[in-house]
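Survey of secondary and tertiary structure
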Amino acid sequence: MAADRTRQATLDALTLLALPRVGIRGWHRRVAEHQSATLAIATVKESAELDAARAFASASLHTSEQLGAQCIVFGTREYPALLHDLSVADSHDLTPAPPVLFAKGNCELLARPAIAMVGTRHATVTGLRVAERIARECAEAGAVVVSGLARGIDAAAHTGALGATGATIAVIGTGIDVVYPAEHRGLQARIAREGLLLSELPPSQRATRGSFPERNRLIAALSKVTVVIEAGHRSGALLTAKAAESLNRTSAAVPGTFDAAACLGSNALLRDGAQVISCVDDALTLLGIGRVDDRRAVTPVGMTDAERAVWDVIGNAPLELDLVMERSGWAADACLAAVTTLELRGLVRATYAGALHRA
């Protein structure tokens, strides 16, 4: 019976939101006035519009259940507490908290300390390497990495966290069953399995002009700290940083080359007072968490001479393959064989940009 009541309450919440001329602000206003979406729906006269809203809500919930996703309604115990800050009246110009969230994966991640990592879709190799390393080491220290599953920095951040503990949340601007961009199909599926996929849009919903700016507020609200890595003057990542500041969260940025177009916006954030992220420890300090013991300092047993040389060269910081071969002192074929063996043993991993680091 309790499950039936919960399901009906979810249907009512979705129905109210689907009514014409209601929207997110109207949903919150009516729920505040009537104490619940169910009571608010009871005041709506029967009409073709109400029937259509009920049908849409039923289809959305059914599809979510078929996908193995949850519908989390505002005001319930499961709803992320941090998102309530979006609904504080007159404190900012951000759209209020989503009435319903569609979530697929490990919802327990919503209760853990989180760091948002965002940046340009047209990242440099250095930017990708930095994003992946910060994300990986923050995840190893116990943080959740939040990003938007876009090309470039977002994808590198998710990949870094997945390579550590899987603790990553992708907030997307489409329905949870819609892949965007298309080349991230595998990454999106992996996040749904190992991390958490989150959207305020119902299943099958395609991206619209405002979808991605709107999801940026959720990325910022879910995170204690927002770190921008390589953002141009017009990058959407700057909107995420602005949302973080509006919510009294910490915004930070990684310094970039002063005349690089990909870094003009992120460098401007630093000029205007954002925190500087010069190393991973800076990010961890802002999060208020410390590193775990570095087990990677111990040299594994059973290595050949070539494998040990490669292991010593790689260290804990990602290094490009050509530099590994150059510094190891071994012929290319022996070096490549050693790298392959170390990867198969789970001792070495390749970053999103192709650099090698200790696992």
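Our subject in this report is the structure included herewith. (Residues numbered from 1 in each chain as written. Predicted model: local features only at pLDDT ≥ 70, side-chain atom pairs only at ≥ 80, totals over all residues. Heavy atoms only, no water.)

Attention now moves to the overall build of the chain. For the chain, the helix and strand inventory stands at 14 helices and eleven strands. Whereas a compact globule of 359 residues would reach a radius of gyration of roughly 21 Å, the chain reaches 23 Å, a difference of no more than 12%. For the chain, the C-alpha atoms occupy an extent of roughly 80 × 45 × 35 Å along the three principal directions. A burial count over the chain gives 51% of its 359 residues as buried. If you take every contact in the chain between residues at least 6 apart in sequence, the share linking residues at least 24 apart comes to 71%. Carbon and sulfur atoms provide 52% of the accessible area of the chain, an area that totals close to 16,500 Å². The averaged location of the 37 negative side-chain charges in the chain is 4 Å from the averaged location of its 36 positive side-chain charges. (Helix = DSSP H or I, 4+ residues; strand = E, 2+ residues; numbered from the N terminus. Rg over C-alpha atoms; globule rule 2.2 N^0.38 Å. Buried < 20%, exposed > 50% of the residue type's maximum accessible area, 1.4 Å probe, protein only. Contact = heavy atoms within 4.5 Å. Areas by Shrake-Rupley, 256 points an atom, 1.4 Å probe, with all protein chains shown as cover. Lys, Arg positive; Asp, Glu negative; His and termini not counted. Charge placed at Lys NZ, Arg CZ, Asp CG, Glu CD.)

For any pair of aromatic rings, geometry is given as the distance between the ring centres together with the angle between the planes. All chains considered together, the criterion is met by three aromatic pairs. Where Trp 27 meets Phe 74, the ring centres are 6.4 Å apart and the plane angle is 85 degrees; that geometry is what we call edge-to-face. Residue Trp 27 is found in helix α2 (residues 23-34), and its partner Phe 74 is found in the loop between β1 (70-73) and β2 (100-105); the two are separated by 47 residues along the sequence. Here Phe 74 and Tyr 79 contribute two aromatic rings whose centre-to-centre distance is 5.2 Å and whose plane-to-plane angle is 70 degrees, an arrangement assigned as edge-to-face. In textbook terms, an aromatic cluster arises when at least three aromatic residues are bridged by ring pairs, as seen for Trp 27, Phe 74 and Tyr 79. (Phe/Tyr/Trp six-rings, centres within 6.5 Å; stacked < 30°, edge-to-face > 60°.)

Taken as a whole and assessed by the stated rule, the structure comprises 13 salt bridges. A salt bridge links Arg 133 to Glu 137; the shortest N-O distance between them is 2.9 Å. Of this pair, Arg 133 and Glu 137 both sit in helix α5 (residues 125-140), four residues apart, which is roughly one turn of the helix. (Salt bridge = Lys/Arg side-chain N within 4 Å of Asp/Glu carboxyl O.)

Turning to the nonpolar core, a few remarks are in order. If you look at the biggest cluster of nonpolar residues, it comprises 37 residues, and the most contacted ones within it are Leu 83, Leu 86, Ile 169, Val 171, Leu 198 and Val 228. If you list the elements that add at least two residues to this core, you get β2, β3 (114-119), β4 (144-147), β5 (168-171), β6 (196-199), α8 (211-221), α9 (236-246) and α10 (264-271). Here this core takes five residues from α9, the largest share from any one element. Beyond its immediate sequence surroundings of up to four residues, Val 228 is in contact with Val 118, Ala 237, Ala 241, Ala 252, Ala 253, Val 254, Ser 266 and Leu 269. Residues Ala 13, Val 22, Val 73 and Ile 176 belong to the second largest nonpolar core, which totals 30 residues. (Core = buried A, V, L, I, M, F, W, Y, C linked by side-chain atoms within 4.5 Å.)

Take α5 next. Spanning 16 residues, α5 covers 22 Å between terminal C-alpha atoms, matching the ideal 22 Å at 1.5 Å per step. Within α5, burial applies to Gly 127, Leu 128, Ala 131, Glu 132, Ile 134, Ala 135, Arg 136, Glu 137, Cys 138, Ala 139 and Glu 140. Phi turns positive, to about 110 degrees, at Gly 142, one or two residues after α5. (Expected span 1.5 Å × (residues − 1).)

Bear in mind that shape data such as this cannot, by itself, settle questions of function.
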